[in-house]
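Coordinate inspection notes
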Amino acid sequence: MSTPDDMWAGWDARDKDGGLTQLHQTRAAQHVEPRRLARDPLDFDWMLAEALVREKANREARRLLDQEETAAGSDPYARMVETEERRLKARLEAQARVAEQTQARREGGGLDGLDLSRAVQGGEFLFGADAELEPIWGSTDQTLWAAGEAVMIHGPQGTGKTTLAQQLVKALLGLQPEVLGFAVAPTRKKVLYLAMDRPRQAARAMKRLYATCTEKERAVVDERLVVWKGPLPAPLLSHPALLRDLARHFSCDVIVVDSLKDAVAKLSDDEHGSNYNTAIQMCLVAGIQVCDLHHPRKANADNANKAKSVDDIYGSTWLTAGHGSIVNLWGKTGDLVVELSMLKLVNDDVGLLNVVHDHEAGVSQVQEQFDMLEALVQKGALTAAAAAALTVDAPKANDVEKARRRLRQLVKAGLADEEAGTRGGAPGVGAAVWRPTEDGRKVAGTQKPTTTMSSGRGFGGGAAAGSWASTDPF
């Protein structure tokens, strides 16, 4: 029996019509015929011999066919073109049929298999829980963070974004009633804190905040706080439901993203920005609240000034489009006192607050601010324009309106009375006037009004913002 080396010998030798040499034809025939009835599939000689015969037969058949067509006056090239044309037409027709069948399946299936649970009746949407404002952070008049609306804490590096967010987390756990004087409603489930930006540094900062907690309070932290360290397990661009699914997996109804640059690969790219917006909207419709942290680009001549509107925030417009409110911190890295303002409002503006960070304790407080009630008592009576002039130099229409709202809040609290103005006349003539009530005079100078806390058990399901009841286990 021939060896494989014998079979390969003379492989490059070809006859004039491109077929195999006579040597190979003979050897192929010798190997094929005796083995057709009892062949070993692993016999290399037989497999090679069969391939050689098949190749020779194909070449010979093509040669004879070309000769016949040439003798009959047919052009082999034209035949090839015609054959390829038929194949192309068949392919196009097949594609059209598949498209028709696919469309028919879609039309026949309709909405089968799709989640339609988010469709509600108009009355439920207008008069149900969705239409009610549920403050997570703040009051119904001044809301920094509302349930069902994501909040962003924006500011340069070192201005206390993480410090502020960690205090919010502690309040969400029910371990403190307020942050910066504004009530925080505790969550009903758990909080998922994504410590993607320098997790070890975040751990040290958070440890200072819980330095004096009791054993019961530590048990609450262990039970109700989940911390994710480092990058996400998958990119949001390819997994837009990742944040929602992570929160569900760990039984959390609040997720804190620290920070946005670690969750979105390309902040200035609209595709990435729109994808992140989709990710937080998927969380919100699932009842998962979102707070994220974001900082501007490194300061230069173009962005050295404080952000004054949403348009000044670095990145795609879609990064902020899905947020209900944006809290802005401004200052230099390491400043003990930074400014807090709102770039996007839920309702009334909280104004410009000077926030003092105690880095050793990890807590923040608002410096003493202008007290409208005290000013009203001292002056005896104020118009909105006069009140605005006490807060800023050369007040604008927006400043006057803010002062008017603050004066009317005093009226709502029973601390002031409003005397309606009259229309017409010179500017300022016939304007509304506010005067302190007897209760207002008693309160002024003795106790500064603070945000009122209700006794709600937490946000969600229509519950109001408030502290934990005395029956809670810590």
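Residues numbered from 1 in each chain as written. Predicted model: local features only at pLDDT ≥ 70, side-chain atom pairs only at ≥ 80, totals over all residues. Heavy atoms only, no water.

Side chains of R200, R204, R208 and K229 sit close together on the surface and give a patch of like positive charge. If one sorts the elements of the positive patch by residue count, helix 7 (residues 199–209) sits on top with 3 residues. (Patch = residues over 30% accessible without salt bridge, like charges linked within 9 Å, V, L, I, M, F, W, Y side chains within 5 Å. Areas by Shrake-Rupley, 256 points an atom, 1.4 Å probe, with all protein chains shown as cover. Salt bridge = Lys/Arg side-chain N within 4 Å of Asp/Glu carboxyl O. Lys, Arg positive; Asp, Glu negative; His and termini not counted. Charge placed at Lys NZ, Arg CZ, Asp CG, Glu CD. Helix = DSSP H or I, 4+ residues; strand = E, 2+ residues; numbered from the N terminus.)

Okay, the nonpolar core next. Formed by 39 residues in total, the largest nonpolar core has its most connected members in W137, L173, V256 and L340. The biggest single contributor to this core is helix 6 (residues 161–172), with 6 residues. Each residue touching V256, except ones within four places of it in the same chain, is listed here: A165, V169, V191, L192, Y193, L194, C291 and L293. Grouped together as the second largest cluster of nonpolar side chains are 32 residues, L242, A247, A263 and C283 included. (Core = buried A, V, L, I, M, F, W, Y, C linked by side-chain atoms within 4.5 Å. Buried < 20%, exposed > 50% of the residue type's maximum accessible area, 1.4 Å probe, protein only. Contact = heavy atoms within 4.5 Å.)

A word on the pairing of strand 6 (residues 190–195). Counting buried residues along strand 6, 5 of its 6 residues qualify, which places the element largely inside the surrounding structure. Sheet analysis places strand 6 next to strand 8 (residues 252–258), joined by 6 bridges and oriented parallel. Bridged to L192 within strand 8 is I255. Where strand 6 meets strand 7 (residues 225–229), 5 bridges bridge the pair, whose relative direction is parallel. Across the sheet, L194 pairs through a bridge with W228, a residue of strand 7. (Pairing = 2+ DSSP bridges.)

This part is about the sheet that holds strand 13 (residues 363–366). The strand order across the open sheet built from 9 strands is 7-6-8-9-3-10-11-12-13, with neighbouring strands paired in mixed fashion. Only two strands of the sheet have a single partner each, and these edge strands are strand 7 and strand 13. Neighbouring strand axes in the sheet, compared pairwise and without regard to direction, differ in orientation by 20° on average. (Axes fitted to C-alpha atoms, helices over the stretch in contact; angles between N-to-C directions.)

It is worth spelling out the pattern of salt bridges at this point. Considering all chains together, one arrives at 18 salt bridges under this definition. Two residues, E85 and K89, come together in a salt bridge whose shortest N-O distance is 3.5 Å. Here K89 and E85 lie together in helix 4 (residues 76–109), a separation of 4 residues that amounts to about one turn. According to the relative accessible area criterion, E85 is partly exposed, its value standing at 42%. Between E93 and R97 there is a salt bridge whose closest N-O contact spans 2.6 Å. Residue E93 and its partner R97 are located together in helix 4, separated by 4 residues, close to a single helical turn.

It is worth spelling out the packing of helix 13 (residues 372–379) against helix 15 (residues 397–412) at this point. The angle between the axes and the distance between the axes are what describe a pair of packed helices. Interaxial distance between helix 13 and helix 15 falls to 10 Å at its minimum, and their mutual angle equals 85°. Here helix 13 lies roughly perpendicular to helix 15, going by the angle between them. Residue-level inspection shows M372, L373 and L376 of helix 13 in contact with helix 15, the latter providing A403, R406, L407 and L410. Within the contact of helix 13 with helix 15, the residues separate by chemical class into 6 nonpolar, no polar and 1 charged. (Parallel < 35°, antiparallel > 145°, perpendicular 65-115°, else oblique. Nonpolar A, V, L, I, M, F, W, Y, C, P; charged D, E, K, R; others polar.)

In this structure, K161 sits in helix 6. Here K161 is buried and forms no salt bridge, its nearest opposite-charge partner D197 lying at an N-O distance of 7.0 Å. Other than its neighbours up to four places away in sequence, K161 contacts I153, H154, G155, P156, L293, H294, H295 and L329.

On to unusual backbone geometry. Cis geometry marks the peptide bond from D258 to S259, where omega comes out at 5°. Considering the arrangement of structural elements, one finds S259 in the loop between strand 8 and helix 10 (260–263). Not every positive phi belongs to a glycine, and L180 is a case in point at roughly 60°. Tracing the chain through its elements places L180 in the loop between strand 4 (178–179) and strand 5 (182–183).

Further remarks concern the pairing of strand 2 (residues 143–146). Bridging between strand 1 (residues 135–138) and strand 2 involves 3 bridges; their strand directions are antiparallel. The partner of W137 across the bridge, within strand 2, is W145. Linkage of strand 1 to strand 2, two consecutive antiparallel strands, is achieved through a turn of 4 residues.

Moving on, we get to the confidence of the model for the protein chain. In regions of low pLDDT, the predicted coordinates are not meant to be interpreted in detail. For the protein chain, per-residue confidence averages 82 on the pLDDT scale, and 80% of positions sit at 70 or higher. In this model, residues 31–38 is a region of pLDDT below 50 whose contacts with residues beyond four sequence positions or in other chains number 15 contacts. Every residue in residues 448–457 is under pLDDT 50, and counting partners more than four places away or in other chains gives 28 contacts. (pLDDT = per-residue confidence, 0-100.)

Now for helix 15. Its 16 residues place the ends of helix 15 23 Å apart at the C-alpha level, agreeing with the 22 Å of an ideal helix rising 1.5 Å per residue. Within helix 15, burial applies to V400, A403, L407 and L410. Buried residues of helix 15 fall within an arc of 75° about the axis and therefore sit on the same side. Exposed side chains of helix 15 directed beyond 90 degrees from the buried face belong to A397 and K412. The inward-facing, buried residues of helix 15 contact helix 13, helix 14 (384–391), strand 14 (416–419) and strand 15 (433–436). Once helix 15 ends, the next one or two residues include G414, with phi positive near 80°. (Expected span 1.5 Å × (residues − 1). Arc of directions from axis to C-beta.)

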